[in-house]
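Close look at the chain arrangement
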Amino acid sequence: MSSPRLRFAPSPTGSLHIGGVRTALYNWLWARKNRGQFLLRIEDTDLERSEERFTVDILGALKWLGLGWDEEPLYQSRRLDLYRAKAEALVAQGHAYWCTCTEADVEKMREAQMAAGKKPMYDRSCRDKNLPAPEAGDRAVVRLRIPQTGGVIEFQDLIRGPIAVAYEEIDDFVLIRSNGAPTYNLSVVIDDAESRVTHIVRGDDHINNTPKQIQLYRYLGLEAPKFAHLPMILGADKKKLSKRNAVTAVSAYRAEGYLPETVLNFLARLGWSHGDQEVFTLDEMVQFFDFDHVQRSGAVWNPEKLLWLNGEHIRRADPKRLAGIVAEDYADLFKAAGARLDRVMTPTGARLCGLVQPKVKLMKEMADQLVPLCMPAPVEVDASGLKWNKDPAVKAAVKNAVQHVTDAWEKRVSEATQTARAGTDTAWGTTPSLGDLGLTHADIEAFVKQSAEQFGVKAGDFISPMRLCVSGRAASASFFELVEVLPWDVVGPRLRKVQTL
Ligand code: GLU
């Protein structure tokens with residue numbers, strides 16, 4: 001068997017929809033799994049609703065997700081003459097015909113049929129008139145001549161199994177509209193045939209189009225590809241996923257702090273399963289994906305699971321890569337706060353991401369933790385939540401204890417720097433971190449606990465103000481680890497700030 005060719009065919013009438021990503025993903029997975037091709041086609045024949053900015057958004061979102069495509073994308077708007085020529089050839093062969101019924105005529109037919117309890121369809125009144133192509137200025141459409149009786153169109157859906165539709169059920173549908181534009185059913189078949197697409201994987205909202213498309217393949221003398229129709233994605237309200245019940249633009253998930261692998265993993269599991277496994281790498285998805293384990297019923301969107309999954313993927317990611325994401329996606333946040341973005345893309349920045357990594361479920365939260373850590377000067381903090389505020393004696397004792405540890409560490413640093421021991425990360429200043437001097441977070445913790453005892457303060461009361469001043473946040477990565485990793489230039493002045501609270 002030659003290698004399969006699949007495609008994703010979005011219409012650029014809006015930004016890339018999260019449901020569209022699942023369609024793209026399943027196509028992409030099958031192509032990659034079988035060493036085939038994944039093609040991209042922009043279905044922009046609706047010249048009024050299609051916009052260049054949406055194409056840019058779609059291509060950008062696919063790149064962000066890592067769903068790369070093979071070959072040049074095909075733009076349908078550049079092929080309008082071809083579709084028309086193909087439709088005219090079908091007319092010449094007797095497989096299609098010109099129809100001059102107006103939209104109002106067709107509407108009347110439909111109403112009458114519905115009133116008679118029948119399926120509303122075009123009544124085929126122009127079918128045998130053998131009308132010529134319209135003169136300039138006249139309006140007419142091209143319709144496909146579906147055989148009238150005695151036949152069925154059958155296909156084996158890779159997800160739903162065998163499907164059969166009788167000819168009587170299929171309308172003589174329009175191929176070319178009265179404005180000269182091709183319909184979706186025409187252009188999709190011409191392009192899939194020309195691109196030698198072998199598998200069409202798309203939402204089951206298209207299932208009624210498939211018999212029509214198969215008939216077109218027959219008239220064109222071509223073998224139809226295989227079809228797989230994916231179950232709808234439903235919102236929590238069990239209605240079709242839309243802007244009304246969910247955030248649908250992929251770009252919004254990126255801005256919120258989801259990793260691309262989370263989005264792909266979540267969408268892969270939305271309708272497909274591999275045993276009980278929930279967390280997949282991209283390679284695992286490629287390896288395990290199959291159509292046999294795609295469910296037929298609608299799959300319900302679950303934002304809590306998405307958030308949980310993102311935490312899982314953040315924990316599995318390389319901290320250096322996370323630092324890169326913070327720098328790329330949250331530059332504005334740093335700028336607005338006056339934090340130094342250059343500090344993120346350093347070995348210290350990556351280590352800080354590693355410390356924050358277990359604590360967050362969104363990259364936005366990671367950025368929010370990194371901003372105060374990357375401020376050039378001690379940050380303003382809100383000390384009102386500290387327990388010591390209830391008891392001035394406790395507060396005084398804690399301040400003494402903080403003074404004690406700060407002085408001890410500072411002494412150590414200044415001794416080391418006299419023997420020309422410089423920091424390792426110049427974007428952060430010239431002093432070393434306590435870690436550079438050989439202290440581990442366990443040493444730091446032991447010293448803090450010992451000092452707490454010495455000054456008769458509870459460890460919690462002692463650590464909270466230091467954490468607040470060093471991290472700029474009431475909840476942060478491990479205080480001891482932060483103190484190990486951050487250069488003393490950063491830690492020292494922040495610890496001294498505790499005295500001013
Ligand atoms: N442009 C169509 C859509 O977005 C493509 C459907 C198909 O894959 O055939 O629904």
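As a starting point, this report considers the structure included with it. Fair warning: this is a prediction, and the values are worked out from it, not measured in the lab.

1. Quick word on the overall build of the chain
Assigned secondary structure in the chain consists of 19 helices and twelve strands. The C-alpha atoms of the chain give 32 Å as radius of gyration, which overshoots the globular expectation for 501 residues (23 Å, by more than 25%). The principal-axis extents of the C-alpha atoms in the chain amount to approximately 100 × 45 × 45 Å. A buried classification covers 51% of the 501 residues belonging to the chain.

2. Digging into the packing of helix α15 (residues 392-418) against helix α19 (residues 488-497)
α19 packs onto α15 with a crossing angle of 155° between their chain directions and a minimal axis gap of 10 Å. Relative to α19, the element α15 lies roughly antiparallel. Along this stretch, α15 crosses α19, giving a crossing that reads as left-handed. Residue-level contacts link Val-402, Gln-403, Thr-406, Asp-407, Trp-409, Glu-410 and Val-413 of α15 to Trp-488, Gly-492, Leu-495 and Arg-496 of α19. Classifying every residue of the contact of α15 with α19 gives five nonpolar, three polar and three charged.

3. Quick notes on the nonpolar core
Generally speaking, soluble globular proteins have nonpolar side chains that are buried together. Of all hydrophobic cores here, the largest spans 65 residues; its most connected members are Met-366, Trp-409 and Phe-462. If you list the elements that add at least two residues to this core, you get α11 (319-329), α13 (347-356), α14 (363-373), α15, α16 (441-455), α17 (459-471), α18 (479-485) and α19. Per element, the largest residue contribution to this core is seven residues, and it comes from α15. With sequence-adjacent residues up to four places away left out, Phe-462 is seen in contact with Val-398, Ala-401, Val-402, Val-405, Val-448, Ser-451, Ala-452 and Val-457. Core analysis: the second largest hydrophobic core is formed by 52 residues, Tyr-26, Leu-264, Phe-289 and Leu-309 among them.

4. Overview of the packing of aromatic side chains
Applying the stated criterion to the full structure yields twelve aromatic pairs. With a centroid separation of 5.3 Å and an interplanar angle of 50°, the aromatic rings of Trp-272 and Phe-280 are classed as tilted. Exposure remark for Trp-272: the relative accessible area of 1% places this residue in the buried category. Taking the relative accessible area as the measure of exposure, Phe-280 reaches 1% and is therefore buried. With a centroid separation of 5.8 Å and 65° between ring planes, the pair formed by Trp-409 and Phe-447 is classed as edge-to-face.

5. Structural notes on α14
Where burial is concerned, most of α14 is hidden: eight out of the eleven residues are buried. For α14, every residue scored as buried is listed here: Met-363, Met-366, Ala-367, Gln-369, Leu-370, Val-371, Pro-372 and Leu-373.

6. A short note on the sheet that holds strand β5 (residues 141-144)
Read across the sheet, three strands follow the order β4-β5-β8 without closing on themselves; strand pairing throughout is antiparallel. The outermost strands of the open sheet, each flanked by one partner alone, are β4 (96-99) and β8 (174-176). Pairs of neighbouring strands in the sheet enclose a mean axial angle of 40°, with direction left out of account.

7. Regarding the site of the ligand
In the neighbourhood of the ligand, the contacting residues comprise Arg-7, Ala-9, Ser-11, Glu-43, Tyr-184, Val-188, Arg-202 and His-206. In this structure, Arg-7 approaches the ligand through a side-chain N or O atom, which is 2.6 Å from an oxygen atom. Backbone polar atom of Ala-9 to a nitrogen atom of the ligand: 2.8 Å apart, as the coordinates give it. A total of 290 Å² of accessible area belongs to the ligand in isolation, and the protein chains cover 79% of it.

8. Here's the deal with the environment of Ala-327
For Ala-327, the position within the fold is in helix α11. Its relative accessible area of 14% is what places Ala-327 among the buried residues. Along the primary structure Ala-327 and Phe-266 are separated by 61 residues, whereas in three dimensions their C-alpha atoms are 25 Å apart. Leave out the neighbours within four places in its chain, and Ala-327 touches Leu-341, Val-344 and Met-345.

9. Structural notes on the pairing of strand β2 (residues 37-42)
Among the six residues in β2, five count as buried, and that is most of the element. In the sheet, strand β1 (residues 5-8) pairs with β2 via four bridges, with the strands oriented parallel. In the sheet register, Arg-7 faces β2, and the bridge partner there is Leu-39. Between β1 and its parallel partner β2, the chain crosses via helix α1 (residues 18-33), and the hand of that crossover is right-handed. With two bridges joining them, β2 and strand β3 (residues 74-75) adopt parallel strand pairing.

10. A short note on unusual backbone geometry
Located in the positive-phi region is Glu-71, a residue other than glycine, with phi close to 65°. Tracing the backbone through its elements, the reader meets Glu-71 in the loop between α2 (52-65) and β3. Its identity as a non-glycine residue notwithstanding, Arg-196 has a phi of 55°, on the positive side. Assignment of secondary structure puts Arg-196 in the loop between α5 (184-194) and β9 (199-203). We classify Arg-196 as exposed; its relative accessible area is 54%.

11. Describing the packing of α5 against helix α6 (residues 209-219)
Axis separation between α5 and α6 bottoms out at 10 Å; the angle between their running directions is 55°. When the interaxial angle is binned, α5 and α6 end up oblique. For the pair α5 and α6, the crossing hand works out as right-handed. In contact with Tyr-184, Asn-185, Leu-186, Val-188, Val-189, Asp-192 and Ala-193 of α5, α6 contributes Asn-209, Lys-212, Gln-213, Leu-216 and Tyr-217. For the contact of α5 with α6, the per-class residue count stands at seven nonpolar, three polar and two charged.

12. With respect to the side chain of Asn-265
When you line up the elements, Asn-265 lands in helix α8 (residues 260-269). Take Asn-265: its relative accessible area is 0%, and that puts it in the buried class. Asn-265 has contacts with Glu-278, Val-279, Phe-280, Met-285, Leu-309 and His-313, leaving out every residue within four places of it along the chain.

What counts, and where the lines are drawn
The numbers attached to residues start from 1 for each chain and follow its sequence in the written order. Thresholds applied to this predicted model are a pLDDT of at least 70 for local features of residues and 80 or more for the giving and counting of side-chain atom pairs; totals over whole chains, interfaces and linings are not thresholded and use all residues. Working from all heavy atoms in the structure, the side-chain values ignore hydrogens and water. A helix here means a DSSP run of H or I that spans at least four residues, while a strand means a run of E at least two residues long, and both kinds are numbered starting from the N terminus. Radius of gyration: over C-alpha atoms. The globule rule applied is 2.2 Å multiplied by the number of residues raised to the 0.38 power. Each residue is placed in one exposure class: buried if its accessible area under a 1.4 Å probe, protein chains only, is under 20% of its type's maximum, exposed if it is over 50%, and partly exposed if it falls in between. Interaxial angle, 0 to 180 degrees, is taken between N-to-C directions of lines fitted to C-alpha atoms, where a helix line uses only the stretch in contact. Roughly parallel here means an angle under 35 degrees, roughly antiparallel means over 145, roughly perpendicular means 65 to 115, and every remaining angle is called oblique. Should the near helix be turned anticlockwise from the far one by less than a right angle, the crossing is termed left-handed; should it be turned clockwise, right-handed. By definition in these notes, contact holds between two residues if any of their heavy atoms fall within 4.5 Å. Note on residue classes: Ala, Val, Leu, Ile, Met, Phe, Trp, Tyr, Cys and Pro are nonpolar, Asp, Glu, Lys and Arg are charged, and everything else, Gly too, is polar. Note on terminology: a nonpolar core comprises buried Ala, Val, Leu, Ile, Met, Phe, Trp, Tyr and Cys residues joined through side-chain atoms within 4.5 Å. Side-chain rings of Phe, Tyr and Trp (the six-membered ring for Trp) are treated as a pair once their centres are within 6.5 Å; stacked means planes under 30 degrees apart, edge-to-face means over 60, and tilted covers the remaining angles. What makes two strands pair is DSSP finding at least two bridges between them. We call a residue near a molecule or strand whenever a single non-hydrogen atom of that residue lies within 4 Å of it. Whenever a nitrogen or oxygen atom comes within 3.5 Å of another N or O atom, the pair is scored as a polar contact, on the condition that within protein one atom can donate a hydrogen and the other can accept it, and that pairs from neighbouring residues in sequence are kept only if both atoms are in side chains. The Shrake-Rupley method, run with a 1.4 Å probe sphere, supplies the accessible areas, and residue values consider only the shown protein chains as cover. Seen with its strands pointing away from the viewer, a crossover is right-handed when the path leading from the first strand over the helix to the second is clockwise.

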